[in-house]
Amino acid sequence: HYYSVTLKAWDDAGNVTEIDATDSELGQALRLVVKEKVKPVITITSPTAGALLTNNKPTIKWKVTDDDSGVNPNTIGITIDSGSKITSGITKTQVSEGYECSYTPTAALSDGSHTIKIDASDNDGNAATQKSVTFKVDTVAPTLNLTSPTDNLVTNQSSCVVSGTTNDATSSPVTVTVKLNNGAAEEVTVGENGAFSKTLTLSQGENTVTVVATDSAGKSTTVIRHVTLDTGAPVFSDLSITPNPVDAGKTFVISVTITD
């Protein structure tokens, strides 16, 4: 990163002396160093802005390039949220005009929003424009509370209301689907307060109701309820009263068979 300066001197007799940057004694002084003014370029490749991650130790990836003096690898650093700049533990792979870098946090990130900032400079001391990206970590599935129906409910009403509430503190909104037996899962509307409701038509006998809540990060919670529809009334048969007739003040027995 220097230009070689050449000096020539002539005496009156026509003798010529020439030296340049390769001279063993004075060459160092004939190296004209010209510093560039162009900043390196930082590109964050992962995670992307607004990403929802279920991994609380995500691998952060970025690239730093400079096509003149080159990137100074010792200046590459990453800052997570309001913490101190991290310069150690970063994997730096040399590529054309710079470095591809990656870093995995040693401590798990808490659920919620996080911002990472990347810094670097070139060999001429030009600092790159800091780049940052904000994303969310969500390791917790959404809550799902069913208020109706109760599990193992036995009813003679074919209409069954499935209702409850759901929420996810990090990755709202939450979507809810309801499936009856082997039918298709149908999405239901979830209110701003997390409440939802859907009316199903039960089949005679045992029914399985499957409710799934899924947050924006893709994590889900499932609740299953079993409901039996029984619309057939019990049937009496084989009725007998013994003895019949019976004397006043005496004991008698009523026997009956009931099926359902």
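Above this text is the structure in question.
Residues numbered from 1 in each chain as written. Predicted model: local features only at pLDDT ≥ 70, side-chain atom pairs only at ≥ 80, totals over all residues. Heavy atoms only, no water.

**Student:** Can you explain the sheet that holds strand 18 (residues 195-201)? Please cite residues and give values.
**Tutor:** Taken in spatial order, the 3 strands make up an open sheet running 13-15-18, and their pairing is antiparallel. The open sheet is flanked by strand 13 (143-148) and strand 18, the only strands paired with a single partner. For this sheet the average axis-to-axis angle between neighbouring strands, irrespective of direction, equals 25 degrees. In the sheet, strand 13 pairs with strand 15 (residues 159-167) via 5 bridges, with the strands oriented antiparallel. Bridge pairing links Ser148 to Ser163 in strand 15. (Pairing = 2+ DSSP bridges. Helix = DSSP H or I, 4+ residues; strand = E, 2+ residues; numbered from the N terminus. Axes fitted to C-alpha atoms, helices over the stretch in contact; angles between N-to-C directions.)

**Student:** Go over the environment of Val209 with me, naming the residues and quoting the values.
**Tutor:** By the element assignment, Val209 lies in strand 19 (residues 205-214). Counting along the chain gives 14 residues from Val209 to Val223, while the straight-line C-alpha distance between them is 8.3 Å. Setting aside its immediate chain neighbours within four residues, Val209 contacts Val162, Val178, Lys179, Leu180, Leu200, Val223, Ile224 and Arg225. (Contact = heavy atoms within 4.5 Å.)

**Student:** Just give me the short version of the sheet that holds strand 7 (residues 60-65), but keep the residues and values in it.
**Tutor:** Pairing is antiparallel across the open sheet formed by 4 strands, whose spatial order is 5-7-10-9. Only two strands of the sheet have a single neighbouring strand rather than two, namely strand 5 (41-46) and strand 9 (91-95). Averaged over neighbouring strand pairs, the angle between their axes works out to 20 degrees when direction is ignored. Strand direction decides the pairing type here: strand 7 and strand 10 (residues 98-103), joined by 6 bridges, are antiparallel. Each residue of the ladder has a partner; that of Ile60, found in strand 10, is Tyr103.

Functional significance is not addressed by these values, which are geometric in nature.
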